[in-house]
Amino acid sequence: MRYLTKGWYLAMQGMDRHCLMKIDERAGTLSENFFQEVYRNAENKWLRTRRQVCRLMNIPVDEEKEKSRYHEMFVSGIERYEAILPEHIRSQIPDIRVLSLGFCTKEIRKLLEDLSAENKTYVERMAKQCTAAQRASFEGADDTLLNRFDFHDEQVLSFGPQDCDWVIDFGEYAGLYSQVRYLRFKNAVILTLDGDLADARWLYEELYKTETGYELHILLDKNGLMECILTCDDILMEGERSWC
């Protein structure tokens, strides 16, 4: 990625984190009792919500399964904070688990607020520069593909070679922004591929017109951020998916 990098995405995830934080001075010290209290409260809130949903759907609730599911989300939340917090803030937080549950001191909230403002400025600047660079690459050329090329939050079913091409299959059902089933990259050359894209979620893309075709950068998430960069002679949108 030239502009919408992994660092850019993490900065975006760090925006507005302070807004839902509850001030509690007990978060200023390492306390297993306090952590257990706020964790159980959050877990019970999750279980109440799941019971209501299951009641409306007239299905039984598996509370042990729901507890396990909540714990997985809790661990993912910790990992996100570990990734987005700079060391000068992270080093002042006694228990990252408590922060991930939405509790911090007044001082930490102010640091998060300042970080959010910095991140917002950076994220918006990079996004504007990215849009301008893509538009500039299409100057004097047909920009229909650029205008249609939006696969945000699509789930990739598979990505692999077919003869001289590489093909992405999005699966049978349509996503939020597109009904396109396949993306075919003609005579593609893979420049960067962080791993198998099957089951990865497409986050953002950068598409540039080149003298011989296109250069595409894709940022994805699959238990961590991934990047795919390729060049190709042409990009074909093939097939149509149903909405349900």
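Everything in this summary refers to the structure shown in the same document. Here the structure is a predicted model, which means the values were calculated and not measured. (Residues numbered from 1 in each chain as written. Predicted model: local features only at pLDDT ≥ 70, side-chain atom pairs only at ≥ 80, totals over all residues. Heavy atoms only, no water.)

## Quick look at the overall build of the protein chain
- Along the backbone of the protein chain there are 7 helices and 10 strands.
- By its C-alpha atoms, the protein chain is 60 × 45 × 25 Å across when sized along the principal axes.
- A fraction of 66% describes how many contacts in the protein chain between residues 6 or more apart in sequence connect residues 24 or more apart.
- Of the roughly 13800 Å² of accessible surface on the protein chain, 49% is carried by carbon and sulfur atoms.
- Put simply, the protein chain has 32 plus and 43 minus side-chain charges, and the middle of one group is 7 Å from the middle of the other. (Helix = DSSP H or I, 4+ residues; strand = E, 2+ residues; numbered from the N terminus. Contact = heavy atoms within 4.5 Å. Areas by Shrake-Rupley, 256 points an atom, 1.4 Å probe, with all protein chains shown as cover. Lys, Arg positive; Asp, Glu negative; His and termini not counted. Charge placed at Lys NZ, Arg CZ, Asp CG, Glu CD.)

## A look at the packing of aromatic side chains
- For the coordinates displayed, the defined rule picks out 16 aromatic pairs.
- Directly above the ring of phenylalanine 35 sits arginine 97, whose terminal nitrogen or CZ lies 3.7 Å from the centroid.
- Taking NZ or CZ as reference, lysine 209 lies 5.1 Å from the ring centre of tyrosine 214, over its face. (Phe/Tyr/Trp six-rings, centres within 6.5 Å; stacked < 30°, edge-to-face > 60°. Lys NZ or Arg CZ within 6 Å of the ring centre and 35° of its normal.)

## Quick notes on the packing of helix H1 (residues 6-13) against helix H6 (residues 106-137)
- Taken N-terminus to C-terminus, the directions of H1 and H6 make an angle of 135 degrees; their axes are 9 Å apart at the nearest point. Comparing their axes, H6 and H1 come out oblique. In terms of crossing hand, the pair formed by H1 and H6 is left-handed. Together, Trp8, Ala11 and Met12 of H1 and Asn119, Tyr122, Val123, Met126 and Ala127 of H6 make up the contact between the two elements.
- Residues belonging to the contact of H1 with H6 are distributed by class as follows: 7 nonpolar, 1 polar and no charged. (Axes fitted to C-alpha atoms, helices over the stretch in contact; angles between N-to-C directions. Parallel < 35°, antiparallel > 145°, perpendicular 65-115°, else oblique. Left-handed = near helix turned anticlockwise from the far one by under 90°. Nonpolar A, V, L, I, M, F, W, Y, C, P; charged D, E, K, R; others polar.)

## Section: a nonpolar patch on the surface
- On the surface, a cluster of nonpolar side chains totalling about 360 Å² of accessible area is made up of Leu56, Met57 and Ile59.
- Along the polypeptide, methionine 57 turns up in helix H2 (residues 32-57).
- Judged by its relative accessible area of 53%, methionine 57 is exposed. (Patch = residues over 30% accessible without salt bridge, like charges linked within 9 Å, V, L, I, M, F, W, Y side chains within 5 Å. Salt bridge = Lys/Arg side-chain N within 4 Å of Asp/Glu carboxyl O. Buried < 20%, exposed > 50% of the residue type's maximum accessible area, 1.4 Å probe, protein only.)

## Some points on the sheet that holds strand S5 (residues 180-186)
- Spatial strand order, S3-S4-S5-S10: 4 strands in an open sheet with antiparallel pairing. Two strands in the sheet have a free side with no partner beyond their single neighbour: strand S3 (158-162) and strand S10 (234-240). Ignoring which end each strand starts from, the neighbouring axes of this sheet average 20 degrees apart. (Pairing = 2+ DSSP bridges.)

## Re the sheet that holds strand S6 (residues 189-193)
- Here we have 4 strands laid out as an open sheet, ordered S6-S9-S8-S7, and antiparallel in their pairing. Lying at the two open borders of the sheet, with one neighbouring strand each, are S6 and strand S7 (201-209). The sheet shows a mean angle of 15 degrees between the axes of neighbouring strands, taken without regard to direction.
- Relative to strand S9 (residues 225-232), S6 runs antiparallel, the two being bridged by 4 bridges. In the sheet register, valine 189 faces S9, and the bridge partner there is threonine 231.

## A word on the pattern of salt bridges
- This model, assessed by the stated rule, comprises 20 salt bridges.
- Note that aspartate 114 and lysine 110 form a salt bridge whose closest N and O atoms lie 2.8 Å from each other. Of this pair, aspartate 114 and lysine 110 both sit in helix H6, 4 residues apart, which is roughly one turn of that helix.
- With a closest N to O distance of 3.2 Å, aspartate 165 and arginine 184 form a salt bridge. With a gap of 19 residues between them, aspartate 165 in strand S4 (residues 165-169) and arginine 184 in strand S5 connect regions that are remote in the sequence.

## A look at the environment of leucine 146
- Structurally, leucine 146 is set in helix H7 (residues 144-148).
- C-alpha separation for the pair leucine 146 and arginine 2, spaced 144 residues apart in sequence, amounts to 16 Å.
- When near neighbours in sequence (up to four residues on either side) are disregarded, leucine 146 contacts Gln134, Arg135, Phe138 and Leu207.

## A few points about the pairing of S7
- Bridging between S7 and strand S8 (residues 214-221) involves 8 bridges; their strand directions are antiparallel. From the neighbouring strand, lysine 209 faces S8, where its bridge partner is tyrosine 214.
- Linking S7 to S8, which pair antiparallel, is a turn of 4 residues; within it glycine 213 sits at a positive phi near 160 degrees.

Just distances and angles here, no functional claims.
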